[in-house]
Amino acid sequence: MSVEKRFITEELARLKAEGLYTTIRTIESAQGPWVTIEGRRRLNLCSNNYLGLCSDSRICDRARAMIDVFGVGPGAVRTIAGTLSPHVELERKLAEFKGTEASMVVQSGFCANLSAVPPLVGKGDLVFSDELNHASIIDACRLSGATILRYPHNSPSGLREVLESRKDDPCRKLVATDGVFSMDGDVAPLPDLVEAAEAYGAMIMVDDAHGEGVLGRGGRGIVDHFGLHGRVDVEVGTLSKAFGVVGGFISGTVEMIDYLRQKARPNLFSSALTIPDVAANLASVEILKESDELVRKLWANGRLFKELMKKHGFDIGHSETPITPVILGEASVAKEFSARLFEEGIFAQAIAFPTVPKGSARIRVMVSAAHEPADLERAAEVFEKIGREMGKLGATAGNR
Ligand SMILES: *Cc1c(COP(=O)(O)O)cnc(C)c1O
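Residues numbered from 1 in each chain as written. Predicted model: local features only at pLDDT ≥ 70, side-chain atom pairs only at ≥ 80, totals over all residues. Heavy atoms only, no water.

Q: Explain the overall build of the protein chain to me, please; I cannot follow it from the model alone.
A: Within the protein chain, the regular secondary structure consists of 14 helices and 15 strands. For the protein chain, whose C-alpha radius of gyration is 22 Å, the value lies close to the compact-globule estimate of 21 Å for 400 residues. Across its three principal axes, the protein chain shows a C-alpha extent of roughly 60 × 55 × 55 Å. Residues counted as buried form 55% of the 400 residues belonging to the protein chain. Sequence separation of 24 or more characterises 71% of the internal contacts of the protein chain that already satisfy a separation of 6 or more. When the accessible surface of the protein chain is totalled, it reaches about 17,400 Å², and 53% of it is carbon and sulfur. In the protein chain, 47 positive and 53 negative side-chain charges are present, and the distance between their average locations comes to 3 Å. (Helix = DSSP H or I, 4+ residues; strand = E, 2+ residues; numbered from the N terminus. Rg over C-alpha atoms; globule rule 2.2 N^0.38 Å. Buried < 20%, exposed > 50% of the residue type's maximum accessible area, 1.4 Å probe, protein only. Contact = heavy atoms within 4.5 Å. Areas by Shrake-Rupley, 256 points an atom, 1.4 Å probe, with all protein chains shown as cover. Lys, Arg positive; Asp, Glu negative; His and termini not counted. Charge placed at Lys NZ, Arg CZ, Asp CG, Glu CD.)

Right, dumping it as C-alpha cells:
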C-alpha cells in the first residue's frame, strides 16, 4: 500500500486495540422485539423501534397499496419533479399531529438538521449549542459557517451566561438543543431555554428525534409535553425511530417552512423520500393520532425495566424517558458485556467513545412497546447474572 494510505490501516488497528471498533451485526429477520441473528432468535434491546411500528402490518399494507398507485421512486428532488401528492399529504398530517402551521419532509433526521440550520445562520452569526447535542446538529452548525458557542449540558443559566456575553453582537442567533438526549435519556429543560432565547432575541430549534412518538400527548413530542406551542421556531423530527420508517421533518410556521423549502440544500439537491416510505409514514401518523395505547405501553415497559435494573444494583444514570443506559465504564468492558449478553440470547450493542464520553461506555437498552413484560424480566435476570460475574453490580458498578 502506498505511504499516503497507511493511515487507514493504522487507524483501523488503533480502533481495534482500543475496543472502539464497531462490529456490525446483520439481522436476518424483520425488525422487531425479537430478531434472528446468526440463525438464532435474540431479544432485541437496541433498536429505536419504540412503538414496534417497523414491521406493523398496517404500515406494510399501506406501503404496498401506494406502490400500486404511485410506484416507488420519486424521480427527482422535491423542487423539480419529485413532489407527489403523498408527500404533500404527509406534510399536512404531520403539521396537524404536531400542532404547527406547516411541516416539510426530508430524507432523514440527519438531513432535517442539515436543512434547518444553514438557512437560519451563516458566517458571522452565532449558534448556542448544548455541549451534548447530537452529531447531526453539530455537523449542521459547522456546515452553516456560524460560530458555535457551547453551553453546559441542559443548563439554562449556562445558556444565559453565553447569551449575555454576546448580547451586543448584532448578528443572528440560534439556540439549538436535542429534545431527549439519546445516550442518557434526559430531557432538555425546554421552557427555560425558550425563555432565555426570547430574552436575548435568539431563535430556538429543538431536535425531537427521541421525543417524537414518545413524549407529549400521544407522542406529539417535547413541545407538546411542555405546552410550548408557537414558541419554538423550528422543530426537527425523525420518522426513523418511533414512527418506524425512515425520513425526517421540520415543523414551524407557514413562513418558516416556505423559507426552508427555498433554501435547504437536502431539499434542493437530493431526491425526495420514496413512495413506500411516505405511505408507511402516513400510516404511522394515523396510528399515533388514533390512540395513545402504544405510547403508554412503551412507558410502562420502560418503567418496569428500569425498576428491575435498579433493584439489581446497576448504574442506570438519570433517564427521564424509556431509554435505559446501563453504564459500565471502559469500552472494552461494555463490549465484553454485550458479547456475553449475545451468547445468552440478548442483542444489546455496546456504545462507546465518540458517541459517549470516554470512561462512560455503556449498553443502552431501548425497550419497545412491542416487548412483553416477561421478555424484560428475563432480560434483567440475564443482565444481573453477567453483571455479577463481571463485578458490575452495586458499589462496584460504573467505574465512573
Ligand atoms: C437519530 C437522531 C437523528 C438522525 O435521525 P435519522 O432519521 O436516523 O437520520 C438526528 N438527531 C437526533 C437527536 C437523533 O437522535
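Q: How should I be thinking about the pairing of strand β10 (residues 234–238) in this particular structure?
A: Within a regular beta strand, the side chains point alternately toward one face of the sheet and then the other, so they alternate between its two faces. With respect to burial, β10 is a largely interior element, five of its five residues being buried. Because side chains alternate across β10, one face comprises the buried residues V234, V236 and T238, and the other comprises E235 and G237, equally buried. Taken together, the three bridges between strand β9 (residues 203–207) and β10 define a ladder with parallel strand orientation. Following the sheet pairing, D207 is matched in β10 by V236. Looking at chain direction, β10 and strand β11 (residues 248–252) are connected through four bridges and run antiparallel. Note on β11: the bridge partner recorded for V236 is I250. (Pairing = 2+ DSSP bridges.)

Q: Can you help me understand the packing of aromatic side chains in this one?
A: Each aromatic ring pair is described using two quantities: the centre-to-centre distance and the angle formed by the ring planes. Applying the stated criterion across every chain yields a total of six aromatic pairs. Ring geometry for F243 versus F249: centroids 6.3 Å apart, planes at 70°, classification edge-to-face. The exposure class assigned to F243 is buried, which follows from its relative accessible area of 0%. Seen in terms of ring centroids, F314 and F383 are 6.0 Å apart; in terms of plane orientation they differ by 90°. Their pairing is edge-to-face. (Phe/Tyr/Trp six-rings, centres within 6.5 Å; stacked < 30°, edge-to-face > 60°.)

Q: Honestly, the sheet that holds strand β14 (residues 350–351) in this entry has me stumped. Any pointers?
A: Two strands in a sheet stick together by hydrogen bonds in their backbones, pointing the same way (parallel) or opposite ways (antiparallel). The sheet built from three strands is open, its strands ordered β12-β15-β14 with antiparallel pairing. On the outer flanks of this sheet lie β12 (323–329) and β14, each paired with one strand and no other. Pairing geometry for β14 and strand β15 (residues 361–366), over two bridges, is antiparallel. Residue pairing across strands places I351 opposite R362, the latter belonging to β15. Set on the sheet, helix α13 (residues 331–343) makes contact with β12, β14 and β15; between it and β15 the angle comes to about 40°. (Axes fitted to C-alpha atoms, helices over the stretch in contact; angles between N-to-C directions.)

Q: Is there a simple way to explain unusual backbone geometry in this structure?
A: Backbone geometry follows two general trends: most residues other than glycine have a negative phi, and most peptide bonds adopt the trans configuration. Note the cis peptide between F353 and P354, where omega equals 10°. As for its placement among the helices and strands, P354 is situated in the loop between β14 and β15. The phi dihedral of E38 falls on the positive side, at around 50°, and the residue is not glycine. Considering the arrangement of structural elements, one finds E38 in the loop between β1 (34–37) and β2 (40–44). Residue classification places E38 among the exposed positions, given a relative accessible area of 54%. Positioned with a positive phi, N154 is a non-glycine residue whose angle comes to about 55°.

Q: What am I meant to see in the site of the ligand here?
A: Contacts to the ligand come from 14 residues, most closely from G109, D207, T238, S240 and K241. A distance of 3.5 Å is found between a nitrogen atom of the ligand and a side-chain nitrogen or oxygen belonging to S136. For the ligand, the accessible surface in isolation is 380 Å², of which the surrounding protein chains cover 85%. Across the shell around the ligand, the residue classes tally to two nonpolar, nine polar and three charged. (Near = heavy atom within 4 Å. Polar contact = N/O pair within 3.5 Å; in protein donor to acceptor, adjacent residues only side chain to side chain. Nonpolar A, V, L, I, M, F, W, Y, C, P; charged D, E, K, R; others polar.)

Q: Help me out: how do you make sense of the pairing of β9 in this one?
A: Across the five residues of β9, five count as buried, placing the element largely inside the fold. Alternating positions in β9 separate into two faces, M203, M205 and D207 on one and I204 and V206 on the other, with burial throughout. Pairing between strand β6 (residues 173–178) and β9: five bridges, direction parallel. Looking at β9, one finds that V175 is bridged to I204.

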